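# A structural walkthrough
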Amino acid sequence: RGSLESMPESWKAKYLLGKFGFRPDGKPYYNGYKETIHAQELEWIKDKDLICGWDFGYHHPACLVTQIDFQDRWCWLREIIGTDITIDRFAERVKQELNYYYPQARAIHYGDPAAIQKTDKSESTSWDILASKGISLGYRVSEYRLRKEIIEKKLSTLIAGKSALLVDRRYCKTANDGFLGGYHYPEIKQGQALISKFEQPFKDGFYEHIMNAGEYIAVNMFSPIERHRSYAPRRGFKSPSSI
């Protein structure tokens, strides 16, 4: 319960206090999402690769587990979110959950380009730490505008009567609420000039991580790009360069 106290008010109201519904923290960054359409109960397809998105940070690192189904829909299957945890420990947790929920599955991994940056706290980058655990992370530098265009298009496209982007309502609760407004535009106060920061999502320190994880998958999987090559993976994880 202690860790829940630090969550956004909308999240606490729904999951800690048991209040019905969701109260958005602001104007949703993605306006094409409709819970009745996009939130469903999804099943893992054993014959298809997992596609995982990573966003880093000590307070709430996130990994989003997704898959492309046989109709070419992008299915968000499960979110894994840490609380006050190092990337080394979080990566171990992710590996354990992937092995438990998706045994023998092959996985492709994409993430924040900042993963290759060193800090004054460690000589090892996040990319290095993941690589040491057999996780080969692909990445691409991108702007929020491109990410938004890709995801909004998925949300508004129907394939055989269902959206091209589906979210599992059971295992992606934070992402679902992020779409509903937890991940939102900054509030523009009366008299404030409209500047570039108001065109980007508000950095709330919580919802942004799982949503960014999804966006990193989007820019690597659904737009024509030159992908960064990375070393061959170990321990059964599939490299992004092999797709």
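Residues numbered from 1 in each chain as written. Predicted model: local features only at pLDDT ≥ 70, side-chain atom pairs only at ≥ 80, totals over all residues. Heavy atoms only, no water.

### Some thoughts on the overall build of the chain
The number of helices and strands found in the chain is seven helices and nine strands. Taken over 243 residues, the chain has a buried fraction of 52%. Across the chain, the fraction of contacts at a sequence separation of at least 24, relative to all contacts at a separation of at least 6, is 70%. As presented, the chain carries roughly 12600 Å² of accessible surface, and 49% of it is formed by carbon and sulfur atoms. (Helix = DSSP H or I, 4+ residues; strand = E, 2+ residues; numbered from the N terminus. Buried < 20%, exposed > 50% of the residue type's maximum accessible area, 1.4 Å probe, protein only. Contact = heavy atoms within 4.5 Å. Areas by Shrake-Rupley, 256 points an atom, 1.4 Å probe, with all protein chains shown as cover.)

### Quick look at the sheet that holds strand E6 (residues 137-139)
One open sheet accounts for seven strands, arranged E1-E9-E4-E3-E2-E5-E6; its pairing is mixed. Both edges of this open sheet fall to strand E1 (39-40) and E6, since each of them pairs with a single strand only. Sheet topology note: the strand E5 (residues 107-111)/E6 ladder contains three bridges and is parallel. Directly across from Gly 111, in E6, lies its bridge partner Tyr 139. Its contacts with the sheet put helix H7 (residues 207-221) on strand E2 (50-55), strand E3 (62-68), strand E4 (74-81), E5 and E6, and the angle it makes with E2 is roughly 125°. (Pairing = 2+ DSSP bridges. Axes fitted to C-alpha atoms, helices over the stretch in contact; angles between N-to-C directions.)

### A look at the packing of aromatic side chains
In total, this model carries 16 aromatic pairs according to the counting rule given. Ring geometry for Trp 76 versus Phe 179: centroids 5.2 Å apart, planes at 45°, classification tilted. Of this pair, Trp 76 sits in strand E4 while Phe 179 sits in helix H6 (residues 173-182), and the two are 103 residues apart along the sequence. Residues Tyr 101 and Tyr 102 carry aromatic rings whose centres are separated by 6.4 Å and whose planes lie at 55° to one another, so their mutual orientation is tilted. A relative accessible area of 6% places Tyr 102 in the buried class. Among the aromatic residues, those joined into a ring-pair cluster are Tyr 29, Tyr 30, Tyr 33, Trp 74, Trp 76, Tyr 144, Phe 179, Tyr 183, Tyr 185 and Phe 222. (Phe/Tyr/Trp six-rings, centres within 6.5 Å; stacked < 30°, edge-to-face > 60°.)

### A look at the environment of Met 211
Within the secondary structure, Met 211 is located in helix H7. The residues touching Met 211, leaving out its near neighbours within four places in the chain, are Tyr 30, Ala 175, Gly 178, Phe 179 and Tyr 183.

### A short note on helix H3 (residues 87-101)
For H3, which comprises 15 residues, the first-to-last C-alpha distance of 21 Å matches the rise-based estimate of 21 Å (1.5 Å per residue) to within 8%. Of the positions making up H3, those classed as buried are Ile 87, Phe 90, Ala 91, Val 94, Lys 95, Glu 97 and Leu 98. Viewed end-on, H3 has its buried residues packed into an arc of 165°, placing them on one side of the element. Within H3, the exposed residues directed more than 90 degrees away from the buried face are Arg 89, Gln 96 and Tyr 100. Buried positions along H3 lie against E2, E3, E4, E5 and helix H4 (126-132). (Expected span 1.5 Å × (residues − 1). Arc of directions from axis to C-beta.)

### Things to note about the pairing of E3
Counting buried residues in E3 gives seven out of seven residues, a clear majority hidden from the surface. What you see with E3 is no split at all: Ala 62, Leu 64, Thr 66 and Ile 68 on one side and Cys 63, Val 65 and Gln 67 on the other are buried throughout. Direction of pairing for E2 relative to E3: antiparallel, over a ladder of six bridges. Directly across from Gly 53, in E3, lies its bridge partner Leu 64. Linking E2 back to E3 in an antiparallel pair, the connection comprises six residues, with Gly 57 at a positive phi of about 135°. With seven bridges connecting them, E3 and E4 associate as antiparallel partners. Residue pairing for E4: Val 65 is matched across the bridge by Arg 78. What sits between the antiparallel neighbours E3 and E4 is a turn of five residues, in which Asp 72 has the positive phi angle 70°.

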